[in-house]
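In case you want the letters, here they are:
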Amino acid sequence: MLERLGCTCEGCDRQLDANTPELSFERDGYLRHAYECPCRTVTITVARR
Ligand SMILES: [Zn+2]
């Protein structure tokens, strides 16, 4: 599995702080983190538990 320490906004390529997701939730065995960028784009990352 690919460990992503950082992620970028899908809207403006801004670097998002992977340690402070706006929202975390689990669904179908995958942990998802949602990050809201100042440009108002929400980027979601998925990680398998
Ligand atoms: Zn952005």
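Our subject is the structure listed above.
All of these numbers come straight from a predicted model, not from anything done at the bench.

Let's shift gears to the pairing of strand β3 (residues 23-27). Counting buried positions along β3 gives zero out of five residues, so the element sits mostly on the surface. Pairing of β3 with strand β4 (residues 30-36) involves five bridges; the strand directions are antiparallel. Bridge assignment links S24 to a residue of β4, and that residue is H33. Count of turn residues in the β3/β4 antiparallel hairpin: two residues, of which D28 carries a positive phi of about 55°.

Inspection of the secondary structure puts C12 in the loop between β1 (7-8) and β2 (15-16). When neighbours within four sequence positions are excluded, C12 is seen to be in contact with C37, C39 and T41.

Two strands in a sheet stick together by hydrogen bonds in their backbones, pointing the same way (parallel) or opposite ways (antiparallel). In space, the three strands of this open sheet follow the order β3-β4-β5, with antiparallel pairing throughout. Taken across any chain shown, the strands that pair with only one partner, and hence form the sheet edges, are β3 and β5 (42-48). Strand-to-strand twist in this sheet, taken as the mean axis angle between neighbours without regard to direction, amounts to 25°. As paired elements, β4 and β5 share seven bridges and run antiparallel to each other. Looking at the pairing, H33 lines up with T45 of β5.

Basis of the calculations
- Residues numbered from 1 in each chain as written.
- Predicted model: local features only at pLDDT ≥ 70, side-chain atom pairs only at ≥ 80, totals over all residues.
- Buried ≥ 20, exposed ≤ 12 C-beta atoms within 10 Å, placed from the backbone.
- Helix = DSSP H or I, 4+ residues; strand = E, 2+ residues; numbered from the N terminus.
- Pairing = 2+ DSSP bridges.
- Contact = placed C-beta atoms within 7 Å.
- Axes fitted to C-alpha atoms, helices over the stretch in contact; angles between N-to-C directions.

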